[in-house]
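Summary of structural features
Residue-level listing of the chains:
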Amino acid sequence: NAGVTQTPKFQVLKTGQSMTLQCAQDMNHEYMSWYRQDPGMGLRLIHYSVGAGITDQGEVPNGYNVSRSTTEDFPLRLLSAAPSQTSVYFCASSRWGELFFGEGSRLTVL
Amino acid sequence: GDSVTQMEGPVTLSEEACLTINCTYTATGYPSLFWYVQYPGEGLQLLLKATKADDKGSNKGFEATYRKETTSFHLEKGSVQVSDSAVYFCALSTEGGGSNYKLTFGKGTLLTVNP
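The notes below deal with the structure included here. On a predicted model such as this, the values are computed, not experimentally measured, just so you know.

Some words on the sheet that holds strand E3 (residues 19-21) of chain B
Residues and elements named next belong to chain B. Overall, antiparallel pairing links the four strands, which are arranged E3-E9-E8-E7 in an open sheet. Here the strands that pair on one side only, and so sit at the sheet edges, are E3 and strand E7 (56-59). With direction set aside, neighbouring strand axes in the sheet form an average angle of 15 degrees. Two strands pair when backbone bridges link them, and E3 and strand E9 (residues 75-77) are joined in this way by three bridges, in the antiparallel orientation.

Encoded structure:
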């Protein structure tokens, strides 16, 4: 089982560049979410979706966009990267009270 | 708003020692409580959970009891192994309807177990 797959695993950007972090799940879960993990901060929710066509903001949504056109995919877009967005990003899906996480995408913004 | 406070790390133990990682929470309503574990280089995975007061979650020798009176969900293990070395996250959810998917996490506690 692939579970939750994130790409890329590593990315270096320059300030002002845009990019998309991809997330795909093969478990037919309705709920998907994006978190960022920073040292000493735990995980903070960026955006989430309760189904195709429905998205909402989490705790730290500024500078990020999401869309959910299919059940399987939930990409996270950085519109104009800033050094404060240097972090490890985790995508997760859930159906019955348990989150299944991808392996993470480490992003560095110079 | 909801919040989770867990003990600061890092925690370093010898193999077969007892482990307790404290976790307390603040939430409106009646949250569900979780412990997630993150092994080096991996994503988080659910370790155990409890959905109502006095429930005990258990898995892989780890236990935690949902204490509503003290708003706590401490993680315990009687004898740790080197393979338990990881970061442990306490989390809560106040989403209802059987879909506890919007979690608030603590900052994480790094556990290192030496042979």
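Remarks on the state of the cysteines
Covalently bonding the sulfur atom of one cysteine to the sulfur atom of another cysteine gives a disulfide. Throughout the structure, instances matching the rule amount to two disulfides over all chains. There is a disulfide in this structure between A:Cys23 and A:Cys91, and the S-S distance comes to 1.9 Å. Between A:Cys23 and A:Cys91 the sulfur-sulfur dihedral comes to about -75 degrees; the bridge is accordingly left-handed. Here the residue A:Cys23 occupies a position in strand E3 (residues 19-25), and A:Cys91 occupies one in strand E9 (residues 87-94), the gap between them amounting to 68 residues. Note on accessibility: A:Cys23 and A:Cys91 belong to one class, buried. Note that B:Cys23 is cross-linked by a disulfide to B:Cys90, the S-S spacing being 1.9 Å. Handedness of the B:Cys23-B:Cys90 disulfide follows from its S-S torsion of about -70 degrees: it is left-handed. Of this pair, B:Cys23 sits in strand E4 (residues 23-26) while B:Cys90 is found in strand E10 (residues 86-93), placing the two residues 67 residues apart along the sequence. Classification of B:Cys90 as buried rests on a relative accessible area of 1%. Left unpaired, B:Cys18 is separated from the closest cysteine sulfur, that of B:Cys23, by 20 Å.

Scoring rules and cut-offs
Residues numbered from 1 in each chain as written. Chains lettered and ligands numbered in written order. Predicted model: local features only at pLDDT ≥ 70, side-chain atom pairs only at ≥ 80, totals over all residues. Heavy atoms only, no water. Pairing = 2+ DSSP bridges. Helix = DSSP H or I, 4+ residues; strand = E, 2+ residues; numbered from the N terminus. Axes fitted to C-alpha atoms, helices over the stretch in contact; angles between N-to-C directions. Disulfide = S-S within 2.5 Å. Buried < 20%, exposed > 50% of the residue type's maximum accessible area, 1.4 Å probe, protein only.

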